[in-house]
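# Tertiary structure, described
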Amino acid sequence: MRRILMIALIALFMTACAEAEDVGPVGIAIHGGAGTMDPEDMDEEREAEYHAALEEALEAGHEVLADGGESLDAVQAAIRVLEDEPLFNAGRGSVFTSDGENELDAALMDGRDLNAGAVAGVRKIRNPIDLTRLIMDESPHVLFSGAGAERFAENFEDELEFVDPEFFHTDHRWEQLQEAQREEAEQGGEFRSERNPGSEHALGTVGAVALDAEGNLAAGTSTGGMTNKRFGRIGDVPILGSGTYANNETAALSATGHGEYIMRAVTLHDISSVMMYGEKSLEEAADYVVNEKLVDMGGNAGVIAIDGEGNITMPFNTSGMYRGSIDVDGNVKTAIFAE
Ligand code: ASP
């Protein structure tokens, strides 16, 4: 509670300064994954842990914006906190592949010029979001995968933390893999293309979107993917326009949910296009794509988004999504279930 109050005060102060100095408003939104969630399954203590982790990430990102920093840096700062928090399926808390490995995907995009960096299937980088920034800033390429991504990363040993793949082993994710594989065996060992909508262990991904005082938008997303995913599977997160997208002309967006559907629907670029060509507001466009188009396809998903005026929307078609925001007026909000 005290932390929320502190963040709100800083945000209010920021708003007052912005008005005085005539700099633009700032805002940030984050998510920690969408999926099937039942309030009955979560005790108060656990719920409080999620809220505290979301607040910490919001605070890290908002502090950058409050200091006049860039939205890209704010997104990176917020995601770094979420990647280090084992509660979420990204970085430290990543889920396991069917082979019992952790293969991490991430992306970062700059709304100013559509510049971007992305990685798929990395196993030794503690904070994949930091690697995406280096790919964006220091390479002529956009997307690196696996061993090549780690080879590129070796050029930046001072900026990145390398870890043993064992670093990503957490007992609760290991147990989720065992459970998923038991379920699969019960269904005749068949390699299911559908994610079981009722299964909590499939949950995951973290993301952040921000608007800075210069009016620039940025988006980032990071994930361990889906529990029991097959070796080498790459999800929507590093595919620009699917799980991560930012464009100053429309919005900054980050998705979570069943990656195969999010990719096939090119979800975030679609939302941006509905805004640009359909002349819809961010809220209308995101609601249409998440709650109509994806629902018709059968894709479970959630999206967080912010536009150039600081409007924030966070639609999801699942029963919950870990999420939070600090809007342009300094209102701080964290939530888990549908309201
Ligand atoms: N979208 C992620 C993926 O498919 C997983 C998730 O957000 O739950 O890799």
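Scope of this entry: the structure provided in the associated data block.

Definitions and limits used
- Throughout, residues of each chain are indexed from 1 in the direction in which the sequence is written.
- Per-residue local features are limited, in this predicted model, to residues with pLDDT of at least 70; the limit for side-chain atom pairs, both in listing and counting, is 80 or more; totals at the level of whole chains, interfaces and linings are taken over all residues.
- Processing note: side-chain calculations cover all non-hydrogen atoms of the structure and skip hydrogens and water entirely.
- Strands are treated as partners if at least two bridges between them are detected by DSSP.
- Secondary structure elements follow DSSP: runs of H or I no shorter than four residues count as helices, runs of E no shorter than two count as strands, and numbering proceeds from the N terminus.
- Orientation is described by axes fitted as lines to C-alpha atoms, over the contacting stretch for helices, and by angles from 0 to 180 degrees between their N-to-C directions.
- Put simply, angles under 35 degrees are roughly parallel, angles over 145 are roughly antiparallel, angles from 65 to 115 are roughly perpendicular, and the rest are oblique.
- For a crossing to be left-handed, the near helix must be turned anticlockwise from the far one by less than a right angle; the clockwise case is right-handed.
- In this description, contact between two residues means that some pair of their heavy atoms is separated by no more than 4.5 Å.
- All amino acids are sorted into three groups, where Ala, Val, Leu, Ile, Met, Phe, Trp, Tyr, Cys and Pro are nonpolar, Asp, Glu, Lys and Arg are charged, and the leftover types, Gly among them, are polar.
- Buried residues are those whose accessible area, probed at 1.4 Å on protein chains only, stays under 20% of the maximum for their type, while exposed residues exceed 50% and partly exposed ones sit between those limits.
- Here, a salt bridge means any Lys or Arg side-chain nitrogen found within 4 Å of an Asp or Glu carboxyl oxygen.
- Patch criteria: residues need more than 30% relative accessible area and no salt bridge. Like-charged residues are merged within 9 Å; nonpolar side chains of Val, Leu, Ile, Met, Phe, Trp and Tyr are merged within 5 Å.
- Computed with the Shrake-Rupley method and a 1.4 Å probe, the accessible areas treat only the protein chains shown as cover for residues.
- Under this rule, positive means Lys or Arg and negative means Asp or Glu; His and the chain ends count for nothing.
- Every charge is mapped onto a representative atom, which is NZ of Lys, CZ of Arg, CG of Asp or CD of Glu.

Bringing the sheet that holds strand 9 (residues 301-307) into the picture now. Reading across the sheet, the four strands line up as 7-8-9-10 and stay open at both edges, with antiparallel pairing between neighbours. Strands at the two margins of the open sheet, each flanked by one partner only, are strand 7 (244-246) and strand 10 (312-313). Note that strand 8 (residues 251-257) and strand 9 share seven bridges and pair antiparallel. The residue of strand 9 that forms the bridge with Ala252 is Ile306.

In this model, Asn228 sits at a positive phi of 70°, which is unusual for a non-glycine residue. Considering the arrangement of structural elements, one finds Asn228 in the loop between strand 6 (217-223) and strand 7. In this model, Val266 sits at a positive phi of 40°, which is unusual for a non-glycine residue. Note that Val266 resides in the loop between helix 7 (259-264) and helix 8 (267-278).

Across the interface, helix 2 (residues 44-66) lies against helix 3 (residues 71-84) with an axial gap of 8 Å and an inter-helix angle of 160°. By the angle between their directions, the pair helix 2 and helix 3 is classed as roughly antiparallel. Our pair here, helix 2 against helix 3, has a crossing hand that is right-handed. For the pair formed by helix 2 and helix 3, the contact residues are Ala53, Glu56, Ala57, Ala60, Gly61, Val64 and Leu65 on the first element and Ser71, Asp73, Ala74, Ala77, Ala78, Val81 and Leu82 on the second. Partitioned by chemical class, the residues of the contact of helix 2 with helix 3 number 10 nonpolar, two polar and two charged.

All right, on to the pairing of strand 1 (residues 27-35) then. Of all nine residues in strand 1, nine are buried; the element is thus mostly enclosed. For strand 1 and strand 5 (residues 206-211), the ladder comprises five bridges, and the chain directions are antiparallel. The residue of strand 5 that forms the bridge with Ile30 is Ala208. One ladder, built from six bridges, connects strand 1 with strand 11 (residues 320-326); its direction is antiparallel. In the sheet register, Ala34 faces strand 11, and the bridge partner there is Met321.

Across the 11 residues of helix 4 (residues 128-138), nine count as buried, placing the element largely inside the fold. Those residues of helix 4 that sit buried are Pro128, Ile129, Asp130, Leu131, Thr132, Arg133, Leu134, Ile135 and Met136.

What follows concerns the pattern of salt bridges. Here the structure, examined in full by the defined rule, presents 14 salt bridges. The shortest N-O distance in the salt bridge between Arg80 and Asp130 comes to 3.1 Å. One end of the pair, Arg80, is in helix 3; the other, Asp130, is in helix 4, and 50 residues separate them in sequence. Classification of Asp130 by relative accessible area gives buried; the value is 11%. Here Arg112 makes a salt bridge to Asp110, at a shortest N to O gap of 2.9 Å. On the basis of relative accessibility, which here comes to 40%, the residue Arg112 falls in the partly exposed class. Counted as one network, the salt bridges with shared partners bring together Glu70, Asp110 and Arg112.

So, about the side chain of Ser71. Here Ser71 is to be found in helix 3. Judged by its relative accessible area of 3%, Ser71 falls in the buried class.

Right, let's get into a negative patch on the surface. A contiguous patch of negative charge, built from Glu138, Glu154, Glu157, Asp158 and Glu159, is present on the exposed surface. Residue position: Asp158 is located in the loop between helix 5 (146-153) and helix 6 (171-186).

So, on to the sheet that holds strand 11. A sheet is described by the order of its strands in space; here eight strands give the open sequence 4-3-2-6-5-1-11-12, paired in mixed fashion. Every interior strand has two partners, whereas the edge strands, strand 4 (143-145) and strand 12 (332-337), have only one. Strand-to-strand twist of the sheet, defined as the mean angle between neighbouring strand axes without regard to direction, takes the value 5°. The pairing of strand 3 (residues 115-122) with strand 4 spans three bridges and is classified as parallel. If you follow Ala118 over to strand 4, its bridge partner there is Leu143. Contacting strand 1, strand 5, strand 11 and strand 12, helix 2 crosses the sheet at an angle of about 145° to strand 12. The strands that helix 3 touches are strand 1, strand 2 (104-110), strand 5 and strand 6; relative to strand 5, the one it contacts most, it runs at about 155°.

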